[in-house]
Amino acid sequence: MEGSVEARVSHEVDRWLAWLPRWRPGTHRGRVRLCTRCFGSPILAASGLDVDVPHPVQHAFSMRMKGIIDASVDDYTARNLPMLHREIRLAEDRKARRPYRAGEGLDPEFRGLDLDPEETPGQPFLFTLQGLEADAAAESAEPAPRPFTPQEKEALREEVRLADEFAKQLGRRICIELAHHRARIAAAVERHVEPQVAQMLADLDRELDAPGWPG
């Protein structure tokens, strides 16, 4: 992995920069729940995207960096943690046999986002994508996995701890590397994001000043 993290970070920053000109502000109502992947993210802080940047822009960036971590942890697990690797593969095989997976095949910019909008109190949805996925999983009737012995549980906990520690170390390396990209990230936000946010605020001012509004 030595010498490759820098190239992977640079590549994913390039891909995010290529995507950014296509971003447009959403017209739906704002989020109420905080995104647990982005709120307080050290990766966003290291890249300079943690303050005054719309969440979809932040999320698209953080998910690309998460992709680097996920791929590296998968490789590390396959090479060094056989028990955890086996359990992950079995879980993925069970998921792959489901007849419907709502989040399958999404671009990195959209992974990890809520599949369904938040409900309005008193106005429930007839169905939701997450509900359909849960129903499909229930109908597949997968048999329960074999229970672990106490020794297997302890061994698996240790392998999970090692995988988590590897992911944390890699995350710290990515944060250090992102410091070298802050200038071009900031320039792209100033060029492609800030004018759209300013236009939205100007449109809002015009609407509030339009005849018919009280005051």
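All values reported here derive from a predicted model rather than from experimental measurement.

> Please explain the overall build of the protein as it appears in this structure.
The helix and strand tally for the protein stands at seven helices and zero strands. When the elements of the protein are put in sequence order from the N terminus, they spell out α-α-α-α-α-α-α. The 215 residues of the protein split such that 28% are buried. Summing over all exposed atoms, the protein offers an accessible surface of approximately 14,300 Å²; the carbon and sulfur share of this is 56%.

> What am I meant to see in the nonpolar core here?
Formed by 37 residues in total, the largest nonpolar core has its most connected members in Trp-16, Phe-61, Met-65, Ile-174 and Leu-178. If you list the elements that add at least two residues to this core, you get α1 (5-19), α2 (42-47), α3 (55-80), α4 (82-96), α6 (150-178) and α7 (182-209). Broken down by element, this core gets its largest block of residues, eight residues, from α3. Filtering out sequence-adjacent residues up to four positions away, Trp-16 remains in contact with Leu-49, Val-57, Ala-60, Phe-61, Arg-64, Ile-185 and Val-189.

> Quick question: what am I supposed to make of the packing of α3 against α6 here?
The axes of two packed helices give the description: the angle between them and the distance between them. With their axes 10 Å apart at the nearest point, α3 and α6 run at an angle of 140° to one another. Taken together, α3 and α6 sit at an angle that is classed as oblique. Helix-helix and strand crossings are classified by hand; for α3 and α6 the assignment is right-handed. Taken together, the residues of α6 that come into contact with α3 (itself represented by Phe-61, Met-65, Ile-68, Ile-69, Ser-72, Val-73, Tyr-76 and Thr-77) are Leu-162, Ala-163, Phe-166, Ala-167, Leu-170, Gly-171, Ile-174 and Leu-178. Taken together, the residues of the contact of α3 with α6 break down into 13 nonpolar, three polar and no charged.

> I'm lost on the packing of α1 against α6 in this one. Help?
The N-to-C vectors of α1 and α6 enclose an angle of 60°; their axes lie 10 Å apart at closest approach. When the axes of α1 and α6 are compared, the crossing they make is right-handed. Of the residues in α6, those touching α1 at Val-5, Glu-6, Val-9 and Val-13 are Leu-170, Arg-173, Ile-174, Glu-177 and Leu-178. Partitioning the contact of α1 with α6 into residue classes produces six nonpolar, no polar and three charged.

> What's the story with the pattern of salt bridges in this structure? I'm lost.
A side chain of one charge can pair with a side chain of the opposite charge if their charged atoms are brought near each other. For the coordinates displayed, the defined rule picks out 10 salt bridges. In this structure, the salt-bridge partner of Asp-14 is Arg-184, at a minimum N-O distance of 2.7 Å. Taken together, the positions of Asp-14 in helix α1 and Arg-184 in helix α7 put the pair 170 residues apart, joining distant regions of the chain. Assessed through its relative accessible area of 30%, Arg-184 is described here as partly exposed. The residue Asp-75 makes a salt bridge to Arg-79 at a minimum N-O spacing of 2.9 Å. Taken together, the residues Asp-75 and Arg-79, both in helix α3 and four residues apart, mark about one turn of the helix.

> Just checking my understanding: could you explain α4 for this structure?
Within an α-helix, residues lying three or four positions from one another point in the same direction, as the helix has 3.6 residues per turn. Here α4 is 15 residues long and its end C-alpha atoms lie 21 Å apart, about the 21 Å a rise of 1.5 Å per residue gives. Among the residues of α4, those classed as buried are Met-83, Leu-84 and Glu-87. Viewed along the axis of α4, the buried residues span an arc of 100°, placing them on a single side of the element. Against the buried residues of α4 lie α3 and α6.

What counts as what
- Counting starts from 1 at the beginning of each chain's written sequence and moves along it residue by residue.
- It should be noted that, the model being predicted, local features are given only for residues of pLDDT at least 70 and side-chain atom pairs only at 80 or more, the latter also being counted only at that level, while totals for whole chains, interfaces and linings use all residues.
- Water and hydrogen atoms play no part in the side-chain values, which are based on all heavy atoms of the structure.
- Numbering of helices and strands runs from the N terminus; a helix is a DSSP stretch of H or I covering at least four residues, while a strand is a stretch of E covering at least two.
- Note on exposure labels: buried denotes an accessible area under 20% of the residue type's maximum, exposed denotes more than 50%, and partly exposed covers the range between, all computed with a 1.4 Å probe on protein chains only.
- Per-residue and other accessible areas were derived by the Shrake-Rupley procedure at a 1.4 Å probe size, with only the shown protein chains allowed to occlude residues.
- Among the buried residues, those of types Ala, Val, Leu, Ile, Met, Phe, Trp, Tyr and Cys that are joined through side-chain atoms within 4.5 Å form a nonpolar core.
- A contact between two residues is defined here by any heavy atoms of the two lying within 4.5 Å.
- Every angle, taken between N-to-C directions, lies between 0 and 180 degrees, and every axis is a line fitted to C-alpha atoms, over only the stretch in contact when it is a helix.
- Angles are sorted into four bins: roughly parallel if under 35 degrees, roughly antiparallel if over 145, roughly perpendicular if 65 to 115, and oblique for all others.
- Handedness of each helix crossing follows the sense of rotation of the near helix against the far helix: counterclockwise by less than a right angle gives left-handed, clockwise gives right-handed.
- Ten residues, namely Ala, Val, Leu, Ile, Met, Phe, Trp, Tyr, Cys and Pro, are considered nonpolar, four, namely Asp, Glu, Lys and Arg, are considered charged, and the remaining ones, Gly among them, are considered polar.
- A side-chain nitrogen of Lys or Arg and a carboxyl oxygen of Asp or Glu constitute a salt bridge if their distance falls within 4 Å.
- Residue count minus one, scaled by 1.5 Å, sets the expected span of a helix.
- This arc is built from the directions going out from the helix axis to the C-beta atoms.

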